[in-house]
Every structure is written in C-alpha cells, then in structure tokens.
Amino acid sequence: MKDASPQTIYLKDYTPFGFTVESVDLTFRLAPHATRVLSKIRFAPNPVASDRTFFLHGEELTLISARIDGTEVTPEVTDKGLTCAVPEGAFTWEAEVEIDPANNTALEGLYMSSGMYCTQCEAEGFRKITFYPDRPDVMSVFTVRIEGDVPVMLSNGNKQGQGEGWAEWHDPWPKPAYLFALVAGDLVNHPDRFITKSGREVELNIWVRKGDLHKCAFGMEALKKSMTWDEEVYGREYDLDIFNIVAVDDFNMGAMENKGLNIFNSSAVLASPETATDMNFERIEAIIAHEYFHNWTGNRITCRDWFQLCLKEGLTVFRDAQFTSDVRSAPVKRIGDVMDLRARQFPEDNGPLSHPVRPESFQEINNFYTATVYEKGAEVIGMLKRLVGDEAYYKAVDLYFERHDGDAATIEDWLKVFEETTGRDLSQFKRWYSQSGTPRLTVEEAWDEGGGTYTLTFRQETRPTPGQAEKLPQVIPIAVGLLGPNGDEVRPTEVLEMTEAEQSFRFEGLAARPAPSILRDFSAPVILDRSLTSAENAFLLAHDTDPFNRWEAGRNLARATLLDMVEGDAQPDADYLDGITAVLRDRALDPALRAQMLALPSQSEIAQQLHDRGQTPDPEAIYAAHEALKLRMAEHLQDLLPVLYAENQVDAPYSPDAEQAGNRELAMAVLGLLSRIDGGAQAARQYDSADNMTLQLSALSGLLIAGKGEAQLQAFHDQWQDDRLVMDKWFGLQVAHAAPAQAAEVAQRLTEHPAFTLTNPNRFRAVMGALGMNHAGFHHASGKGYALMADKLIALDAKNPQTTARMCALFQTWRRYDAAHQAHAKAALERIAATPDLSRDTTEMVTRMLAV
C-alpha cells in the first residue's frame, strides 16, 4: 500500500494554523504536461495560535524554486508538503512548482478533461497545485493570472483584464483554498444576466464545449430561479459582478461551488428534451440550486475544519430541498427524499461504515462525503426548524449570517444562534451531530373510553454502532395527527417533543378511539417500528390527510405483502391491491404522487427488513417475489392501466415542469406494468413515436421488462453513440434490467465496449454502479457480481482513488447475507485490500468494512 499506516485525524486535536494569509497571487503558465504555478503569498503570525511551525501542504509537485522576502531558501520537502524556517514577523513566500495536468487521472487539483484545463480542490486538491496551508480555516483574497494558448481562461471572482494569451481574475471575498477554481479551454458560453434585489446587474454564463450549447437554456433558467428564491426566502443576494458555470465531462462529484466559478459534472447541468429525462431536468434544477446556495452557506461562511462538513452540506441540502418543494410538489419531494434516505443513509447508519453526522475522526476526508453528512445532516436542520418554528428559524439564520459572515464556523456556532434566539438549551439536540445510528421508535396505544383520553407511549432505542456501544436518548420531534372512525381528522398535526427513552403523550376530550397518524411528513429520521394490521394500513391509505403518511401506509402494505411472498407462497394482500386501485382512480391526487404510491419497496429494503427481523435474506427469492407481485399488480389493474396511460399522455410541446413531468411519471409507471402483460406492445409503439428522451428511455425500459428490445437497443445506440450522457443511459439500462444470473456477464460485456472507459466517472458508474444497484445480480449466490466489482475497483484505484473508495460502499451490507454470500464478498474485499499500492482512500473503506 502507498501508506501502510494512514494517519488518523481527530476532531479533538484541532489547533489553528500558526499564520494568517493576507493575500495570495497565483500565476499559471499552462502546458498539458508541464504547467508552471508561481505563487506569491503574504503570511503573518496568527495571534491566536501557539504553534508557529511553518508547514505547507503539497503533493505530487516538483519544486523549482522558493523565496522568502526575495531571498532564495531551501525548504525541507516530503511527499506531504514542506517546512521552512521563517521570520518572526510578517513575510512574503514565493514558490514556483511544476505539475502534470494531462496525467492527473485522479481528477483532484489541476487536470485535463477533453482538452480542457479544470480544477477540483475540495477537499484537499489544492495541495496538488502548489504549496499552501490547504485547510478550510485559512482564508484569503486571491488574485490569479492565467497564461496559455487557449481562448477562454476563467477563475474565481471578477475579471480584472485579459489580452492575447492571458487573463487575470480577482476575488475580493476571502476564501479557503478548497474553493479555488480555474478552467481554461476552447469553450463557448450561453450568456444571460440577473438583476439583484438591490438593483445590481450580474453577468451569467454557462460555459460548454461547442457541441453542447443547445443544452444550456434550462440550466440558466434554474440558476436565475435559484437566485430569486434565495433573495426572497433567505434574504441572500449575490455578491460578485459575474457568475460562471462550466460543464466538465470528467468529474468525480456532481458539482462544486467554487466562488463565482461553479464547475459542474456535465450530467448535472446539460439537458435538452431530446437527450435528458424529466428526472435529469429535476436533478439539474436541484444541483444548480444547491451549488448556488453554497455562496452563503459554504462560501461566505465556510467550515472551520472538515469535521464540520455537515454544517455547510447539511444546511445547503436542506435549503435546496426547500427550493424544490416550493417550485415543484412538496409532498412528492418529501417522499422522494425519504426513499433516498432509507435506500442510502439508513444502511450506512446501521452498518460498518456508520459514523456521526459530525465524525470524530477520519483518515481520508473524501470518504466522508456521505449520505449521513449530507442527507441526515439536512434532516437534522429540518428537525431544528420544526422544533423552533419558522419565525425563530429564520431569525436565528439571519443572526448566523450576520455574526459569522467571513468566518470558518462550527456546529457550536450554528447551534448557539438558535439558543440565543429561542432561549432553548440545545445540548441534548446536539447529540444528533455526535451520535451515529438510526433511532428506532416503538409505540403503544391506550384508550380510556370513559374519559375520552387517548395516550401514546413511545420508546426510543439506538443500536450500537462501530465505536459507539452506548447510546443516549435523542430529541425527536414526532408529528402526530388523529383520525376519527369515519376518516375525518379529529386532531390536526401536533409536534410531540420526545426527550426521554420512554415518554407518554395524552390527548383528551375525544368522542371515540382515534386512529393515529404518526411521524407525519417524516418529522424525524427514525425507524418507526409499529405493527399495524392490513386493515389499519388500508384505513390510513384511504383517509390520512398527510400525504407522506398516506404513501407510507401503502408502502407498509406493499412491504408486508413482499415479506409474506418471500417467506412462503402467500398471495398478494387484497387490501394492498384494492387500496392501490383506489389511489390510482383518485384523479384529484397529483399524478406524480400516484406514481410514487405505485412503486414497490426496493429489493434492498426488503433484504434489510428481513435482516432486522433476525432472518437471512435470499436476494434471488426477494427478486422472484418482486417480479411476481408486479405481475399480479398488472393483472389486477389490467382494465385500469390503459385508461391511466391514455389519460396521462401530454399533447402540449415538451416542458420539464412539474405538471407535465408528473403526468409522464404516472404514464411511465403504468407502462412498466403494462409491459408485463402485453408483451411490450405499447412500449414498442411509444418507442417508435417518442419525441423526447423521457418517452424514448421509458419505452426501451418497458421493452426490456417484456424480454424484448434488442433491435431498439441497437437503434438507440446508433442514434446516440456520439452523445456521451445519453450513452451513459444506454449502458446503465442494460445492467439494471439484466436478470440476476446474467447481470455480471452483461456488465462485463459492456466494460469491453469501445465506448467504456475507466477514467470517466460517469461511464464507470453507469455500468458498475448499475450492477451494484441490481440487488440480486450483485449479490448473486455465485459470487460473480462481487468478483467483477473487485476486479474493476482494483483497476480503477490506481487511476482514481476517490471514485473507487466511494464505489466500495456497495459492499457495506455484505454481512447480512448467508455464509456462502459472505465468503464470496469477504474474498472480494480481501483481494482489494491486498492490492499492492492501494490508495489511502480505498484502504480506509475496505478496512472498515472488514473490521466489523
């Protein structure tokens, strides 16, 4: 391994850097294999620091020269950085280094993508550009000069000047190095402008390769919509003269919020009706909002250290969820978020990779850009807002912006403004940041008919997680409403604040025993362990006024049906089939919500349910039950499905708005069932007539469900072989629909396709990520899914450790299966771990999964 004993970094050991950075001047002389970076940095002693060791991070750099106050020095250089003796007072450090962007396949620091120079510096990529204190609490003003033979040269802030072969940028707002950005290449721009609420004009651009200009319009409208929303809801105005977005093909993440120069994975910004699905459009809208909102929650106020990552990411995820709820459908967004949380974060929270929202330690910070930090971090913000109320929430946030603008802040800073605003003691609430694991709630009901009093008694328990055997009670906001026997709501939603391990709440003055609707709007990220009969779930599905809990009741019925079918020869529950039929017939319901109610719990979710019940899940039995239930649903709904399909066709010109997208979503869900009973006939007709990617791709999916579609797959390939983002869909769809026994072979065959490459994260995830999501295929009893994944991760690690480490998380549930499955998975993990020169990123992930 490259580092046999990776260093563990602890939150408790934080100390400030010994120097402040007053200014940074950088000059880049671009060349694909020999870029020179000249830095001129003004340092001064930090009055609050006790350690004055002058250490600058630096990796994969060739030091050409170094000077202090104009005098040549010879620092001590290691593979991690350099140290040097420095004057007691302020001084100017100058260095010249050489780097090789063209051979930087890790996509951290300065690298090349399709002939374009670009950067990715979060979390610790800047140290691969020049020697610098690469930590988020060191903030400074940057001036950047770029020299090269490319027509477009961009960096952070406002442009100061440009000429033949050069451009100069200045960012007046102090920032840490992880927010530095540079892009240079043969690009074209989609321009626009935005007038802020104070009347300033801001120049807007989306920069792309020449063939992608027609895919920028939606992204630009999403940006302007986000800027308006942040002004109206949070009072936050943009603070530079220009806002640039650049689309990059080779990018490890979705996007990066660099100050004034956001760099986006092409898949997260480029869209046209012909090449992007409704889901792509919604994702792009949300990611653009997320990165823009970081301008205040992440850039103007950043995090003191990487342990505080959830401060900027959790808050910004919460803000982008608010935005999507406002511009689309709040119930649909909430249900989608919970589905994602349960699919990605709950397994993480209850497995070998479990960690608190604010971790106590790490070896490689890139491994903590997780669902726990992002999505659970956002849920914590949502609970806080629910507990203090809207007015107090926005008052506290305003105080946070006022007090910490320009700071590198902590979770303690964030919570303190809420304590001062509300007078609440949030010390127990703070456990959500320090305690890992998903709390489990049980509930008992008691009814006093004579007194008309109904009592709910809750108990909470959080199971041990790695490094945390003992758990303390959390503050849990439980939103509850009560329904009468006829389905009317007799008590509107009330938030019960649970603070003890066991706690009772009484409702008085009731005429009849109510049916409780518990955890409305999913008011806390917990597992509600409540045994309801089929009839009770059917009642809530029919009558609950809370959209989330109505969906949840249907989900409970579907889950119970699938579990019964996996465990025996049970037939689908009649209450479930009848309840779903009634929901689908309810034209007053949002079509997108009806589509969500039609979707089944994932196979992985059923596996986790069986594991929680002390049973060993069989992936192939779960797959068979899933397929059988879908067929039974199609047969039960066969008269209704064609009617729904016809009702939800959109005749108007294509728009990705919520109304049209909702109609198409329901029609596509219906098509998936129809394809099981009509041999793919309707899907074939839709494929032939499709005039947008949503219809074309869903038709192709329907054909694959029906066991057809070979001709259409080839036609799709031939039509779109020159569009890299559409081809990602072609690759992924085939693996997703592969039968369990063939999934690994399909994935292997696709990795041999001329258009497959290890070096492009999108393409790698399209194939190998799809294999990991094909539950019964990846976890096939033969072990070939595990073996293939190990092969490809080993090959990728030498090129891109960050993407490799994140993909390793597909193995995190390996211990819930039987001994034979475990033996195959363990062998794959041990083979990865034994790889010579394995990266620190992947070493940490594999070691954690093998250790538990």
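In this convention, every chain numbers its residues from 1, walking through the sequence in written order. Where local features are concerned, this predicted model is filtered to residues with pLDDT of at least 70; where side-chain atom pairs are given and counted, the filter is 80 or more; whole-chain, interface and lining totals use all residues. Side-chain measures here rest on the full set of heavy atoms in the structure, leaving out hydrogens and waters.

(A) A look at the overall build of the protein chain. The secondary structure listing takes helices from DSSP runs of H or I that are at least 4 residues long and strands from runs of E that are at least 2 residues long, numbered from the N terminus. Looking only at helices and strands, the protein chain has 27 helices and 31 strands in total. For 852 residues, the compact-globule formula gives about 29 Å, and the C-alpha radius of gyration of the protein chain, at 27 Å, lands near that figure. Seen through its principal axes, the protein chain has C-alpha atoms that stretch 85 × 65 × 60 Å. Looking at the 852 residues of the protein chain, the share that counts as buried comes to 59%. We compute the radius of gyration over the C-alpha atoms and compare it with the globule rule, which gives 2.2 Å times the number of residues raised to the power 0.38. We call a residue buried when its accessible area falls under 20% of the maximum for its residue type, exposed when it is over 50%, and partly exposed in between, using a 1.4 Å probe and counting protein chains only.

(B) The pattern of salt bridges, seen in detail. Think of a salt bridge as a Lys or Arg side-chain nitrogen and an Asp or Glu carboxyl oxygen that are within 4 Å of each other. Overall, the coordinates contain 69 salt bridges when judged by the stated rule. Across the pair lysine 128 and glutamate 60 runs a salt bridge, and its minimum N-O distance is 3.8 Å. Taken together, the residues lysine 128 in the loop between strand E11 (116–120) and strand E12 (140–147) and glutamate 60 in the loop between strand E4 (55–57) and strand E5 (62–68) connect sequence positions 68 residues apart. Put simply, arginine 520 and aspartate 544 hold a salt bridge, and the shortest N to O gap is 3.0 Å. Of this pair, arginine 520 sits in the loop between strand E30 (515–518) and strand E31 (527–529) while aspartate 544 sits in the loop between helix H9 (534–543) and helix H10 (547–567); the two residues are 24 residues apart in sequence, bridging distant segments of the chain.

(C) Structural context of the sheet that holds strand E8 (residues 81–83). Taken in spatial order, the 3 strands make up an open sheet running E4-E8-E7, and their pairing is antiparallel. A single partner strand is all that each edge strand has here, and the edge strands are E4 and strand E7 (76–77). Any two strands are treated as partners once DSSP identifies two or more bridges connecting them.

(D) Just the nonpolar core, in detail. If you look at the biggest cluster of nonpolar residues, it comprises 266 residues, and the most contacted ones within it are Trp93 and Trp414. Apart from the residues lying within four places of it in its own chain, the contact partners of tryptophan 93 are Ser39, Lys40, Ile41, Phe43, Phe54, Leu56, Ala66, Arg67, Ile68, Val73, Pro75 and Leu82. Here the nonpolar core consists of buried residues drawn from Ala, Val, Leu, Ile, Met, Phe, Trp, Tyr and Cys, with membership extended through side-chain atoms lying within 4.5 Å. Contacts are assigned to residue pairs that have any heavy atoms within 4.5 Å of one another.

(E) Focus on the sheet that holds strand E28 (residues 489–498). In space, the 3 strands of this open sheet follow the order E28-E27-E30, with antiparallel pairing throughout. The open sheet has two edge strands with one neighbour each: E28 and E30. Across the sheet, the axes of successive neighbouring strands diverge by a mean angle of 25°, strand direction being ignored. When strand E27 (residues 476–483) meets E30, the two strands line up antiparallel, connected through 4 bridges. Across the sheet, residue valine 480 finds its bridge partner in E30, namely isoleucine 518. Lines fitted to the C-alpha atoms define the axes, with helices restricted to the stretch that makes contact. Angles between their N-to-C directions range from 0 to 180 degrees.

(F) Local environment of H10. Expected span, for any helix, means 1.5 Å times one less than how many residues it has. The terminal C-alpha atoms of H10 lie 30 Å apart, and with 21 residues this matches the ideal 30 Å at 1.5 Å per residue to within 8%. Where burial is concerned, most of H10 is hidden: 16 out of the 21 residues are buried.

(G) View of the packing of helix H4 (residues 330–349) against H10. Interaxial distance between H4 and H10 falls to 9 Å at its minimum, and their mutual angle equals 45°. The angle between H4 and H10 places the two elements in the oblique class. At the point where H4 passes H10, the crossing takes the right-handed sense. Contacts between H4 and H10 involve Pro331, Ile335, Val338, Met339 and Arg342 from the former and Pro547, Phe548, Trp551, Glu552, Arg555 and Arg559 from the latter. When residues are sorted by character, Ala, Val, Leu, Ile, Met, Phe, Trp, Tyr, Cys and Pro go into the nonpolar class, Asp, Glu, Lys and Arg into the charged class, and all the rest, Gly among them, into the polar class. Among the residues forming the contact of H4 with H10, the class breakdown is 7 nonpolar, no polar and 4 charged. Angles are sorted into four bins: roughly parallel if under 35 degrees, roughly antiparallel if over 145, roughly perpendicular if 65 to 115, and oblique for all others. Should the near helix be turned anticlockwise from the far one by less than a right angle, the crossing is left-handed, and should it be turned clockwise, the crossing is right-handed.

(H) Structural context of the side chain of glutamine 660. Structurally, glutamine 660 can be placed in helix H16 (residues 658–674). A polar contact of 3.0 Å, which involves the side chain of glutamine 660, links it to the backbone oxygen of proline 653. Any N or O atom pair separated by 3.5 Å or less is treated as a polar contact, with the protein-specific requirement of one donor-capable and one acceptor-capable atom, and with residues adjacent in sequence counted only for side-chain atom pairs. Here the side chain of glutamine 660 touches serine 655 through a polar contact of 2.9 Å, landing on its backbone nitrogen.

(I) Structural detail: the packing of H9 against H10. Running from N to C, H9 and H10 cross one another at 150°; their axes reach a closest spacing of 7 Å. One element, H9, and the other, H10, form an angle in the roughly antiparallel class. In the packing of H9 onto H10, the handedness of the crossing is left-handed. Counted together, Ser534, Asn537, Ala538, Leu540, Leu541 and Ala542 of H9 and Arg550, Ala553, Gly554, Asn556 and Leu557 of H10 form the full contact between these two elements.

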